[in-house]
Amino acid sequence: MTVAICPGSFDPPTNGHIDVIQRAARHFERVVVLVSVNPAKSPMLSAQERVLLLREVLGHLDNVEVEAYEGLLVDLARQRGAGVIVKGLRALSDVEREIQMAQMNAGLYEAVDTFFVTTDPRWSFVSSSGVKEVAAYGGDVSGLVPRAVNDLLEGRYKGGSR
Ligand code: PNS
């Protein structure tokens, strides 16, 4: 069985993330969505919130599972028998960081390869940090994130207060 991992911070998940995961799910028998837990960061959403949102939005895909993980991505890949990491590329500006991570991961675990998919152009300008900033000031992000994410952000930031 070919298992792929789609890793990310997903703080919050965007339509761009969902598009990449859905496309990975078409090509791999099993996809593990890894919500990275990084104690050095202060995320807007807890790992539990991110996992629950992704499970809700991706619930229609039988071959996709979502979990939070604190540790090296390659260690999870080893544990899950995953030979592929799938990442999205929005623009040239993503390439440098993504190549560094792919090469670092390949150096740590030679059995893993990183496959890149170019994001749907509708989402090429969408980032979690941009969504967070707009939502925090009460701006409309409903066209950029899944409905469940939009509902959570609206509930949190109603009225534009941060
Ligand atoms: O959505 P992001 O923030 O671009 O995702 C970055 C992520 C989570 C893929 C990366 O930080 C990661 O793989 N973290 C897990 C820890 C790890 O393995 N770090 C070394 C990667 S070179």
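Structure: see above.
What counts and how
Position numbers for residues count from 1 along each chain, tracking the sequence in the order it is written. Selection of residues for local features in this predicted model requires a pLDDT of at least 70, selection of side-chain atom pairs for listing and counting requires 80 or more, and totals for whole chains, interfaces and linings are taken over all residues. Remark: hydrogens and water are excluded; side-chain values derive from all non-hydrogen atoms of the structure. Every helix listed is a DSSP run of H or I at least four residues long, and every strand listed is a run of E at least two residues long, numbered separately from the N terminus. Here, residues are in contact when the closest pair of their heavy atoms is within 4.5 Å. Only buried Ala, Val, Leu, Ile, Met, Phe, Trp, Tyr and Cys residues count toward a nonpolar core, and they belong to the same one when joined by side-chain atoms within 4.5 Å. We call a residue buried when its accessible area falls under 20% of the maximum for its residue type, exposed when it is over 50%, and partly exposed in between, using a 1.4 Å probe and counting protein chains only. Strand pairing follows a simple DSSP-based rule, namely that at least 2 bridges must link the two strands. Near residues are defined by distance, with any heavy atom within 4 Å of the molecule or strand qualifying the residue. We define a polar contact as two N or O atoms separated by no more than 3.5 Å, with the added condition that, inside protein, one atom must be a possible hydrogen donor and the other a possible acceptor, whereas residues neighbouring each other in sequence contribute only through side-chain atom pairs. Per-residue and other accessible areas follow the Shrake-Rupley method at a 1.4 Å probe size, with only the shown protein chains counted as cover for residues. Two kinds of site are reported from a 1 Å grid over the protein atoms alone, namely cavities, where a 1.4 Å probe fits but cannot get out, and pockets, open sets with protein on both sides within 12 Å along at least five of seven lines, and residues are called lining when an atom falls within 4 Å of a point. Grid points are joined across faces, edges and corners, and a volume is the space filled by probe spheres set on the points.

This paragraph deals with the environment of Cys 6. Within the element layout of this structure, Cys 6 appears in strand β1 (residues 3-8). Spatially, the C-alpha atoms of Cys 6 and Leu 108 are 18 Å apart, while their sequence positions differ by 102 residues. In contact with Cys 6, not counting residues within four places along its chain, are Ile 21, Ala 24, Val 31, Val 32, Val 33, Leu 34 and Val 86.

Counting 35 residues, the largest nonpolar core has Val 33, Leu 54 and Leu 58 as the members making the most contacts within it. Mapped onto this core, the elements with two or more residues apiece are β1, α1 (15-27), β2 (30-36), α2 (47-57), β3 (64-69), β4 (82-89), α5 (128-136) and α6 (147-157). Ranked by residues supplied to this core, first place goes to α1 with five residues. In this structure, Leu 54 is in contact with Phe 10, Pro 13, Ile 18, Ile 21, Val 33, Val 35 and Val 66, ignoring residues within four places of it in sequence. With 13 residues, the next largest nonpolar core counts Val 32, Val 74, Ala 82 and Tyr 109 among its residues.

This part takes up the pairing of β4. Within β4, six of the eight residues are buried, leaving the element largely enclosed by the surrounding structure. Pairing of β1 with β4 involves three bridges; the strand directions are parallel. By the bridge assignment, Val 3 is partnered in β4 with Ala 82. Two elements, β4 and strand β5 (residues 113-118), share six bridges in a ladder whose sense is parallel. Within β5, the residue paired with Leu 89 across the bridge is Thr 118.

What follows concerns the site of the ligand. Taken together, 13 residues sit near the ligand, with Ser 9, Ser 36, Gly 71, Leu 73 and Arg 97 positioned nearest. One of the side-chain N or O atoms of Ser 9 is found 2.6 Å from an oxygen atom in the ligand. Arg 97 places a polar side-chain atom, nitrogen or oxygen, 3.1 Å from an oxygen atom of the ligand. Considered on its own, the ligand offers 540 Å² of accessible surface; in the complex 76% of this is hidden by protein.

Below, the discussion takes up the layout of surface pockets. Size it by volume and the largest pocket reaches roughly 1200 Å³. Taken together, 44 residues make up the lining of the largest pocket; nearest its centre are Pro 7, Gly 8, Ser 9, Lys 87 and Arg 97. Listed by contribution, the elements that provide at least two residues to the lining of the largest pocket are β1, α1, β2, α3 (73-80), β4, α4 (92-108) and α5. Per element, the largest residue contribution to the lining of the largest pocket is nine residues, and it comes from α4.

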